[in-house]
Amino acid sequence: MKKTSFVERDKPLLCAMVQENTKTEAICMICNAISEGAEAIGIQLECLERQYLTEEDFKEIFSYCKGLPIYATAYRKDDLTDEKCAQILMSAARCGATLCDVMGDMFHPEPHELTFDETAIGKQKELIAALHAAGCEVLMSSHLHAFFPEQEVVRFARAQEERGADIVKIVNVSETEETALENICTCMNLKHLISKPYLYLANGKFCNLLRQIGGKLGCCMYLCVERYTKNSSKEQPLLRSMRMIRDLMVG
């Protein structure tokens with residue numbers, strides 16, 4: 001059966017992120033998110049306690065998504081090496097994930113999460129090809145951890161495209177009103193400057209507006225949380241609020 005898609009959409013998806021530590025907590029968060037109108041579920045597998053990083057557990061967790069598209073991440077964290085993260089992503093793809101997140105600096109960590117090391121790029125392309133062969137879409141992500149102007153953002157985005165990503169994801173920084181406005185303009189301009197769907201976000205003091213209106217500017221989805229917990233990203237808007245904002249702006 002063909003998986004649902006993150007790419008072939010008429011309007012940006014409301015994707016509820018799950019960053020829980022146990023299988024039971026993750027399942028409860030998924031059920032709560034679906035009851036609040038989530039249109040996709042994002043599961044950050046690196047947050048799970050290591051005993052739950054099995055294909056049997058992935059299949060059980062994913063079954064509670066009720067056919068909604070699943071976005072899976074496996075970011076390096078604590079004892080998770082890049083090689084282990086790649087194995088987790090392949091397991092997630094086999095278990096039904098729709099979209100897997102390959103870090104832009106996978107196999108060669110960099111401060112701004114995008115490597116230009118040729119050996120690492122070759123490994124990334126091999127992983128992306130394997131995920132595609134498993135029937136999974138691929139997002140490549142770079143969390144920049146500093147503000148970069150539009151010219152550099154476009155360069156990073158095109159590099160992600162060239163490596164085979166179906167969706168480009170870049171998280172810039174908005175610590176001032178000026179950089180927040182620049183990021184809004186960059187988000188709007190990307191649809192004319194790159195060819196792939198994109199998710200352009202920001203972290204920092206002034207990140208909220210971009211996260212709320214990004215779908216209207218060209219982003220393919222919104223990342224939300226059903227509720228705030230000790231693990232959740234506080235930059236991400238609440239699902240129930242974002243649903244109203246999205247539907248008023250996009251229809």
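Residues numbered from 1 in each chain as written. Predicted model: local features only at pLDDT ≥ 70, side-chain atom pairs only at ≥ 80, totals over all residues. Heavy atoms only, no water.

Q: Teacher, can you tell me more about unusual backbone geometry here?
A: Excluding glycine, residues mostly have negative phi values, and the peptide bonds linking residues are mostly trans. Residues other than glycine seldom take positive phi values, yet Asp 78 does so here, at roughly 55°. Inspection of the secondary structure puts Asp 78 in the loop between β3 (70-73) and α3 (82-94). With a phi close to 60°, Glu 113 is a non-glycine residue in the positive phi region. Assignment of secondary structure puts Glu 113 in the loop between β4 (99-103) and α4 (118-133). (Helix = DSSP H or I, 4+ residues; strand = E, 2+ residues; numbered from the N terminus.)

Q: Any chance you could explain the pattern of salt bridges here in plain terms?
A: One side chain can pair with another of opposite charge once the charged atoms of both are near each other. One pass over the structure, following the stated rule, counts 11 salt bridges. Between Lys 23 and Asp 57 there is a salt bridge whose closest N-O contact spans 2.8 Å. Residue Lys 23 is located in helix α1 (residues 23-35), and its partner Asp 57 is located in helix α2 (residues 55-63); the two are separated by 34 residues in the primary sequence. On the accessibility criterion, Asp 57 (9% relative accessible area) is buried. (Salt bridge = Lys/Arg side-chain N within 4 Å of Asp/Glu carboxyl O. Buried < 20%, exposed > 50% of the residue type's maximum accessible area, 1.4 Å probe, protein only.)

Q: Even after reading the chapter, I still don't get the packing of aromatic side chains, so can you show me in this structure?
A: In this description, a pair of aromatic rings is defined by centroid distance and the angle of the planes. Taken as a whole and assessed by the stated rule, the structure comprises three aromatic pairs. Summarising the aromatic geometry, the rings of Phe 6 and Tyr 71 are spaced 6.4 Å apart at their centres and angled 70° between planes, so their arrangement reads as edge-to-face. With Phe 6 in the segment before β1 (13-18) and Tyr 71 in strand β3, this residue pair connects regions lying 65 residues apart in the sequence. Of the residues examined, Tyr 71 reaches a relative accessible area of 0% and is grouped as buried. Pairing Phe 58 with Phe 62 gives two aromatic rings, centres 6.1 Å apart and planes at 15°, and the pair type is stacked. Pair noted here: Phe 58 and Phe 62 are both in helix α2, with a separation of four residues, about one helical turn. Positioned above the aromatic ring of Phe 116, the side-chain terminus of Arg 163 is 5.4 Å from the ring centre. (Phe/Tyr/Trp six-rings, centres within 6.5 Å; stacked < 30°, edge-to-face > 60°. Lys NZ or Arg CZ within 6 Å of the ring centre and 35° of its normal.)

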